[in-house]
Amino acid sequence: SRFLLLVPLAISAEHPSVGSLVVYISTFLLFILVSFLFTTIHLFTLNSLVLEDLPLWLSIEQAYTLFKKSWLIILETGALMLGVGFLMMIAAFIIFLFSAVPLFLLMLGAVLLQSTSVLALVYAISSLLLVVIMVTCGTYMVTVQYDTWGRLYQRIRNGTALAKLHRWYRWIKHVDLRFHS
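Thresholds, definitions, all that
- Residues numbered from 1 in each chain as written.
- Predicted model: local features only at pLDDT ≥ 70, side-chain atom pairs only at ≥ 80, totals over all residues.
- Heavy atoms only, no water.
- Helix = DSSP H or I, 4+ residues; strand = E, 2+ residues; numbered from the N terminus.
- Buried < 20%, exposed > 50% of the residue type's maximum accessible area, 1.4 Å probe, protein only.
- Polar contact = N/O pair within 3.5 Å; in protein donor to acceptor, adjacent residues only side chain to side chain.
- Contact = heavy atoms within 4.5 Å.
- Expected span 1.5 Å × (residues − 1).
- pLDDT = per-residue confidence, 0-100.

Topic: the side chain of asparagine 47
The topology assignment puts asparagine 47 in helix H2 (residues 18-51). Residue class for asparagine 47 comes out buried when judged on its relative accessible area of 14%. Of the polar contacts made by the side chain of asparagine 47, one reaches the backbone oxygen of leucine 43; its length is 2.9 Å. Leaving out residues up to four positions away in the same chain, asparagine 47 has contacts with Glu52, Trp149, Gly150 and Tyr153.

What follows is the structure, given as structure tokens:
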């Protein structure tokens, strides 16, 4: 599906014009919205299948109904999870940098001693370390993501979820009324 997004980009790059750029941006935004809708329905359908033991079609209908009712909360949660994922990526990079310092020193020694076998070994260990760190951080993020969406599903079903923007609006309105009184 992501490949389909490249078709308007290729057309826009091949025949640059304002119109082709508008088409590309429009299809990109449409892709984002459709992905947002399908991902939410997928996650909520899984929750209703597992937690409520509903049949597939009823789970899909319920997920779509919950999406229509709570799209703003879902959008806020998605933005938050995107930020958490970005921070986790930065944390993984920092962890790799600090843990690779001894490997860098070994690599430097191998270069100074002109030992290609030690250099190859250090490259292999560095690659393995990077993979282990990325897999560890990735599995942690998958766990956090599914837990977050599961909890959000339950809060929406119980009627206890309220969008942060609604809360902020009520707080600002309340503060504004106190100042004018």
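Re H2
Helix length check: H2 (34 residues) gives 49 Å between terminal C-alpha atoms against 50 Å at 1.5 Å per residue, within 8%. Along H2, the residues that are buried comprise Ser20, Tyr24, Thr40, Ile41, Leu43, Phe44, Thr45, Asn47 and Ser48. Once H2 finishes, aspartate 53 follows within two positions and takes phi at roughly 55°, a positive value.

Looking at the confidence of the model for the protein
For the protein, per-residue confidence averages 86 on the pLDDT scale, and residues scoring 70 or more make up 89% of the total. The lowest-confidence element of the protein is helix H7 (residues 164-180), averaging 64 in pLDDT; the highest-confidence one is helix H3 (residues 56-69), averaging 93.

Section: helix H5 (residues 101-112)
Quick reminder: α-helices carry 3.6 residues per turn. Residues three or four places apart thus point the same way. A rise of 1.5 Å per residue sets the reference length of H5, with its 12 residues, at 16 Å; its end C-alpha atoms lie 17 Å apart and thus fit the reference within 8%. In this fold, the buried residues of H5 make contact with helix H6 (116-158). A positive phi of about 55° marks glutamine 114, the residue just after H5.

Observations concerning the environment of alanine 92
As for its position among the elements, alanine 92 is in helix H4 (residues 71-99). Separated by 42 residues in the primary sequence, alanine 92 and methionine 134 place their C-alpha atoms 6.6 Å from one another.

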